[in-house]
Structures are given as C-alpha cells and as structure tokens.
Amino acid sequence: MMDNLRTAANSPVLKIVLALIILSFVLTGVGGYLTSGTGSYAAEVNGQTISRAQLEQAFQQERNMLQEQLGDQFSVLASNEQSMKQIRSQALERLVNNALIDQYSRELGLSASDEQVKDSIRNTPYFQTNGKFDNNKYLELLNRLNFSPDVFAEQTRQNLINQQLIMAFSDSEVVLPGEVKLNAELLLQQRTVRLVTLELKKIQAQQEVTDKELQDYYNLKKDGFIAPEEVKVSYIKMDAADEIDKVSVTSVDIDTYYEHNLKRYTQPEQKKYSLIQLATEAEAKVVLDELNKGADFGKLAAKKSTDKFSAKNNGEIGWMEEDSLPEEMKKANLKEKGQISSVIKVPNGFAIFHLDDVKPQITKPLSEVRSEIEKTVKQEKAVDAFYALQQKVSDAATNDNESLVAAEEVSGTKVVTTGWFDRNNVPAEINFGSVIHEIFEGNLVDGQGPTGVNSDVISVEGDRAFVLRVDNYKPEIVQPFEKVKEQVTELVKRQKAEKQLQVESERLLAALKEGKGEQVLKDAGIKFGESQVIQRTPQNNALVDAVFALPQPKEDKAEYGLVKNSLDDIVLIQLDKVTSGVISEEQIKGMTDSYQNEIGNAMLESLLINLREKAKIKLGHIE
C-alpha cells in the first residue's frame, strides 16, 4: 500500500509527502500544535486568519447540533464548564482542520463546484419527500441549527473535497477478500456459555460486625469522613448572548466589512488540467507528436500515462488556481483552453499538460452575502460589547470592594445569593471549574472565614462571565463516629464480603476445573443458568472479554473462568461450544468496501497530522 501511495505522491500534481505518516491514526488536539499569541483573531493557519466571529459561529453550531441531539439533557452539559470548553476546542479544531485541508486541496487542484454542492444537498435523503427535494425541510433544518445557506453550502463543499481525498487514498489500497473473510469469521464468532452469578450484596447482608471492628475502621479511615467546607456566595452573571440584541449593524458596517474581506468572497480564476506522464523524454516526444497530429488527449492518457492516479480519469487532474500550481505546471505556461504544453521534466519522468477549460475570477456581489456579513458583524460587535462590559464590571467591583452594589449598577443585572453548598454540590449556574477554584482556592476566604473582597471577572467558555463574593463560610470538620456509624457499618460489611466472595469463587472455579464442580455448586445452593450465545460485537464489556479470552473446549470438555461485573459480583463462566462466524460473498464485498473507506479515513487523519506538524498555527484570542 505504501509503495502505491508513494508512486501517486511523486506525480507533479499529487505531491503528498507520506513518508512521515505515523502508524497511529488518532488525531491529537489542536492545542499541541498551537503557539501562543494575541490579537483579535481566534487562530492563524499558515497565515490564513480564523476570526473570533468564525469561532463563535462554529461554537454555536456545535452547541445547536448537540442541543438538537440531546434535547432537555443538553442543559446538564451546558452547565459544565469543561464540557463547554471541549465543545469550543472541537469547534476550533474543525476550523483549523478545514483550513489545512482547504489549503492542501488547493495545492492538489481538488475542488467542488457550486453545481456539485447543489446536487449533493438536493440528493441528501433527509431533504427529500417522495424522492424529491423538499425545500421546506431544508430551510427548517437550517433554521433549527442556526445555519445560513452559505455556511451550510461551504460545509458541504468541504465534505465533498474530503471525500475526494479519501477516495484518492483508499483506491491505492487493495483489501483481499480472504483477509476480510478471516477477520469477519473471527469478529462474528459465537460462543455458547452458561453463567452463574455470586452476588456480593447477598453475602454482604449476611455479614456480622462488632462495635470494635467499626471503631477500629473509623479510627483508621477517619480522614475519609470529613464534612467539606461550605459557603454562601453572591454573584453577578454576564452572558455574551445577551449582547446580541443590544448591538446594531449599519449599512456602513456591512460595506466596510465587505471591502476589507473581499478576498473571502472572491473565487480566483481556475483552470482545469489534464496530464500524460511518460518514463522517458523520447516516449514523451512520440506522444506529443501524436497529439499534434490530432490524437485524443484523454485516450492517450488512459492508455499510456504512467501516472495511474490521473490515467484512471483520462488524464484529468482537476481545477486549480494559479497560486497553487506546482512549478512544473507553471513552466507549461498554458493560457488558452485546448492548449498543449511541450515535454516538461517532472520528478517521475516527463509530462505533457493540457488546459481543458478556464473559469474566470468571480466575486460574489454584496447583495448576495449581505445577510451573512450582517450576522458576522453583529457577532463580532456582541463579543466586543461583552468584553467591554466585563471591563466595566471589573472596575466597579474593584473600586467598591465591600459589596457588589456598584457592579450590579453597571452590569444592569441583579445580584443572585445562594444557599449553603460545598465544592461537590455547586449550584448549576455557577458550576464551572474556574468559579469553584476562585471560591475555594482564591482569596475570597481564609482560615477565619470570608475575606470580604470581590472576585475579579471570571470568564467561562468565552460566552459567560461572573463576578462574586463569599458571604458566609463553614470550615471542613471530621464527622463524629456516631454520625457516620451507619455508613461505616456498610463499608466494613462490604469489605468482609469482598474477601469472602473472592475466596469462595476461586474455590468453586478450582473444583469446576477438576471436574468436581457439580456437587460443590449444589452444596453452595447455586447452579449454572440456561445456555446462551454470546457474540463479540456489538457488545464491549468485561464479561464478553472474559468469555472470548477462554481457550476453545477440547473433546467436548467445557472450559471455565470467572470475571467481576460492574456490581463487583463474581460471574462463573462455563464455555461449552465455539462456532465460527458465517459470512456471505455479498457481505464480504460490503465489508471490503467498508474497509477501503476506513483506510481512506485513516489516511486522511494521518495526512492532517502531517499537515499540522508542518503548519504554522498560532492561537489568538478564543475566549
């Protein structure tokens, strides 16, 4: 496979340096490739700017999609600071990935036309009713996810380009049907077992404990029975979403943004090329002579080109922009549709290029992108207003450090006062790591109680912020034995039960392996259940792992094992039979296609790792 990829990589168009591709196909986070920086942008990728507004829009899209999927449960996720940070990080990672793939695709000349994007959207099953495109369904989904048509179209375009890359990679790999069949038979293998569960809860209920055992356990584990410190706080909440309705966008704002970002709405001139590559200059000159005499370029490319990647498509290598042309193609200096180059030296031989078509530069008119720009400018203004509000509140909280009255006045938001809570039971609205740290680890309390000062502004997720003070404080204390005696009793009983269960299960397993298990199980008052068939997929748990770790039974003699389940019960296993998986020729073909696609996706992920390692990615202002 790697030889095939390297052959494709050395073509003058597909200069894919895959020698550095690592075996692990797991993408690392964006943060590992970012250098710190400042500025009004969220990130720069090889000089290409990702604005804060773009990140905010991508973040909101991620939130909207999750909210659509999770429904009412989304509020739990939204109240967790780490989850929101992860969503924002994923949004930034997606934008960086898109920028890298877009830049690389331009180098390769890969693109998706407006017509291809329209066809993809129109052929999406979700948008169809009775086999026809349903515009109402399309608009309803965009509205629900807060996507503009332009944004959705660009994401569709990116997906189409990604698919082209995946196809390029997966087409170079041959998956043998025999290999697929063997893997499938192992994957679909079935094992017939009988199980019996030794329940920890039953053994725990039978345990007896003395007061001395309880007191000794408490004395030994006293530090585990501490009542945590508790506080009451007052706080002011600021939300960037609240600023959206307070800002306005003028025609001048829109015009200015359009003029300053004209490149974003301009599609440079594109040229579509074809290629014939030969091993020697002499062979190339013979082919060029045939072309000059009127031979069909596509037919010659398919028949004679050594560049197999393009030969499959009659030599076509796609649309490219002038800035992304390899040096060899720049030397061809093709200007007019239908023009053929001379013989040109390339890394793997000699090539002849053909200019198939030309698309002139197109700039979208302001009228076409006005609504998109208005939304972007509004988001940028709202973010700026949010930062300005934070500064005002910070100044007020600092100048009047004995209460939140002044901060309340400038924020226009009422102060909220909580009841008692500890760090493990924080009210949902302020349940963020940075807020909890400020309350319990900052300078708002000391050994004597509240210090009586206001916090500085605490930003969370980039779209919410708080300023707060601690009103009252209770230090942590060791709870007395009598208060936790019931809890200690259950812990001691469980400890004794776990030891007894371990000894008993190992005794029973040894007896089963010696062929004496039937009487031992009878004496214990338990027996194996009915036979059941266990498959390796789609399950993924300790029992399945234990069952498939057992050796196959020999001469109709069962194999035995044990495993602890999620309740800490012990499950004894009797493995009676192993049946190989059965797969049809049609299923083999389907799985082969699936493997091909998985390989393509894995190679695309590896390409992204490679691109990131080489890229200059600088982190700007993301919160």
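What counts and what doesn't
Residues numbered from 1 in each chain as written. Predicted model: local features only at pLDDT ≥ 70, side-chain atom pairs only at ≥ 80, totals over all residues. Heavy atoms only, no water. Helix = DSSP H or I, 4+ residues; strand = E, 2+ residues; numbered from the N terminus. Buried < 20%, exposed > 50% of the residue type's maximum accessible area, 1.4 Å probe, protein only. Contact = heavy atoms within 4.5 Å. Areas by Shrake-Rupley, 256 points an atom, 1.4 Å probe, with all protein chains shown as cover. Pairing = 2+ DSSP bridges. Axes fitted to C-alpha atoms, helices over the stretch in contact; angles between N-to-C directions. Core = buried A, V, L, I, M, F, W, Y, C linked by side-chain atoms within 4.5 Å. Phe/Tyr/Trp six-rings, centres within 6.5 Å; stacked < 30°, edge-to-face > 60°. Lys NZ or Arg CZ within 6 Å of the ring centre and 35° of its normal.

(A) Highlighting the overall build of the protein chain. Counting its regular elements, the protein chain contains 23 helices and 24 strands. The buried share of the protein chain, reckoned over its 623 residues, is 42%. Taking contacts inside the protein chain between residues at least 6 apart in sequence as the whole, the part at least 24 apart equals 76%. Summing over all exposed atoms, the protein chain offers an accessible surface of approximately 34,200 Å²; the carbon and sulfur share of this is 49%.

(B) Up close: the sheet that holds strand 18 (residues 458-460). Spatially, four strands are ordered 15-8-19-18 in an open sheet, and the strand pairing comes out antiparallel. What marks the edges here is a single partner per strand, and that holds for strand 15 (416-417) and strand 18. Pairing of strand 8 (residues 230-239) with strand 15 involves two bridges; the strand directions are antiparallel. Pairing of S234 across the sheet is with T417, part of strand 15. Each of strand 8, strand 18 and strand 19 (464-474) is contacted by helix 19 (residues 433-441), which is oriented at about 150° to strand 18, the strand it contacts most.

(C) Structural view of the nonpolar core. If you look at the biggest cluster of nonpolar residues, it comprises 40 residues, and the most contacted ones within it are V45, I50, V96, L100, F152 and L165. Secondary-structure elements contributing two or more residues to this core are strand 2 (41-45), helix 2 (52-70), helix 3 (74-78), helix 4 (81-108), helix 5 (114-122), helix 6 (135-145), helix 7 (149-170) and helix 23 (585-614). No other element matches the eleven residues that helix 4 contributes to this core. In this structure, L165 is in contact with I101, Y104, S105, L108, L110, L604 and L607, ignoring residues within four places of it in sequence.

(D) Here's a closer look at the sheet that holds strand 13 (residues 349-359). Taken together, four strands build an open sheet; the order of strands is 11-10-13-12 and the sheet is antiparallel. The two strands at the open ends of the sheet, each matched to only one other strand, are strand 11 (316-321) and strand 12 (344-346). The average undirected angle you get between the axes of adjacent strands in this sheet is 45°. Of the pairings in the sheet, the one linking strand 12 to strand 13 comprises three bridges and is antiparallel in character. Residue pairing in the sheet places K345 in a bridge with F350 of strand 13.

(E) Fine view of the packing of aromatic side chains. Throughout the structure, instances matching the rule amount to 14 aromatic pairs. Here the aromatic rings of Y235 and F466 are separated by 5.9 Å at their centres, their planes lie at 70°, and the arrangement is edge-to-face. Residue Y235 is located in strand 8, and its partner F466 is located in strand 19; the two are separated by 231 residues in the primary sequence. With respect to class, Y235 is no different from F466; both count as buried. On the basis of an interplanar angle of 35° and a centroid distance of 6.3 Å, the ring pair of F528 and Y560 is categorised as tilted. Placement of the pair is F528 in the loop between helix 21 (517-524) and strand 21 (532-535) and Y560 in strand 22 (residues 559-564), with a sequence separation of 32 residues. Taking relative accessible area as the criterion, Y560 reaches 16% and is therefore assigned buried. Linked through ring pairs, Y126, F127, F133, Y138 and F152 together constitute an aromatic cluster. Looking at R88, its charged tip hangs above the ring of F59, at a distance of 4.0 Å from the centre.

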